[in-house]
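Structure assessment
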Amino acid sequence: QVRLVESGGGLVQAGGSLGLSCAASGSVFRLGAMAWYRQAPGKQRELVAHITSTGTTNYGDSVKGRFTISVDNALKVADLQMNRLKPEDTAVYYCYSILTPVGSEIPKDYWGQGIQVTVSS
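First things first, this report covers the structure right here in the doc. (Residues numbered from 1 in each chain as written. Predicted model: local features only at pLDDT ≥ 70, side-chain atom pairs only at ≥ 80, totals over all residues. Heavy atoms only, no water.)

**Some remarks on the side chain of Ser 97**
Within the secondary structure layout, Ser 97 lies in strand E9 (residues 91-101). Using a relative accessible area of 0% as the deciding quantity, one classes Ser 97 as buried. Side-chain polar atoms of Ser 97 contact the backbone oxygen of Ala 33, separated by 3.1 Å. When residues no more than four places from it in sequence are discounted, the contact partners of Ser 97 are Leu 4, Leu 31, Ala 33, Met 34, Lys 108, Asp 109 and Tyr 110. (Helix = DSSP H or I, 4+ residues; strand = E, 2+ residues; numbered from the N terminus. Buried < 20%, exposed > 50% of the residue type's maximum accessible area, 1.4 Å probe, protein only. Polar contact = N/O pair within 3.5 Å; in protein donor to acceptor, adjacent residues only side chain to side chain. Contact = heavy atoms within 4.5 Å.)

Below you can see the structure in the form of structure tokens.
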């Protein structure tokens, strides 16, 4: 069974840095794109950063220049480095990937359980 396991996160002061990591565990045949989304209380889930299997990245406007996504396809891990954090970055961060599990020819969507990031002012 394939799962996305998130780690990192926690509490940090405004202006600080924090890193998130997402590992695809289980029988993964082919890793596709990976991404991080976030959802703050009372708000819709929004894209934070996205990276394709070939390394092309895309960022939400509010995090451009501050956040960096990277992926290790061999380890099946996507990292999100968050710098110059702001209180408005406070949210639950979700890892997402579209990948093909072993025994299937069809890529499927997977989500992590979410991890809290809190930025204090």
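**Some remarks on the pattern of salt bridges**
Counting across every chain of the model gives 4 salt bridges. For Lys 64, the salt bridge identified is with Asp 61, shortest N-O distance 3.1 Å. A salt bridge links Asp 89 to Arg 66, with the shortest nitrogen-to-oxygen separation between them at 2.7 Å. Here Arg 66 lies in the loop between strand E6 (57-59) and strand E7 (67-72) and Asp 89 lies in the loop between strand E8 (77-82) and E9, a separation of 23 residues in the sequence. For the residue pair Asp 89 and Arg 66, the accessibility class agrees, reading buried in each case. (Salt bridge = Lys/Arg side-chain N within 4 Å of Asp/Glu carboxyl O.)

**Some remarks on the environment of Ser 62**
Summarising the element assignment, Ser 62 is placed in the loop between E6 and E7. Each C-alpha atom of the pair Ser 62 and Leu 47 lies 9.9 Å from the other, and the pair is 15 residues apart in sequence.

**Quick look at the environment of Asp 79**
Looking at where Asp 79 falls in the secondary structure, it is placed in strand E8. If we ignore the near neighbours within four places in the chain, the residues touching Asp 79 are Leu 20, Ser 21, Trp 36, Thr 68, Ile 69 and Ser 70. Here the side chain of Asp 79 touches Ser 21 through a polar contact of 2.8 Å, side chain to side chain.

**With respect to the state of the cysteines**
Counted under the stated rule, the structure contains 1 disulfide. Cys 22 shares a disulfide with Cys 95; S-S distance 2.0 Å. One quick way to see it: the torsion about the S-S bond of Cys 22 and Cys 95 is about -80°, and its sign makes the bridge left-handed. Here Cys 95 lies in strand E9 and Cys 22 lies in strand E3 (residues 18-25), a separation of 73 residues in the sequence. Residue Cys 22 is classed as buried on the basis of its relative accessible area, which comes to 0%. What makes Cys 95 buried here is its relative accessible area of 0%. (Disulfide = S-S within 2.5 Å.)

**As for the nonpolar core**
Trp 36, Leu 80, Met 82 and Tyr 93 are the most contacted members of the largest nonpolar core, which totals 31 residues. Elements supplying a minimum of two residues to this core: E3, strand E4 (28-39), strand E5 (46-51), E7, E8, E9 and strand E11 (115-120). (Core = buried A, V, L, I, M, F, W, Y, C linked by side-chain atoms within 4.5 Å.)

**Description of unusual backbone geometry**
Positive phi outside glycine occurs at Lys 76, with the angle close to 60°. Among the secondary structure elements, Lys 76 is positioned in the loop between E7 and E8. Even without glycine at this site, Arg 84 takes up a positive phi of about 50°. Taking the relative accessible area as the measure of exposure, Arg 84 reaches 49% and is therefore partly exposed.

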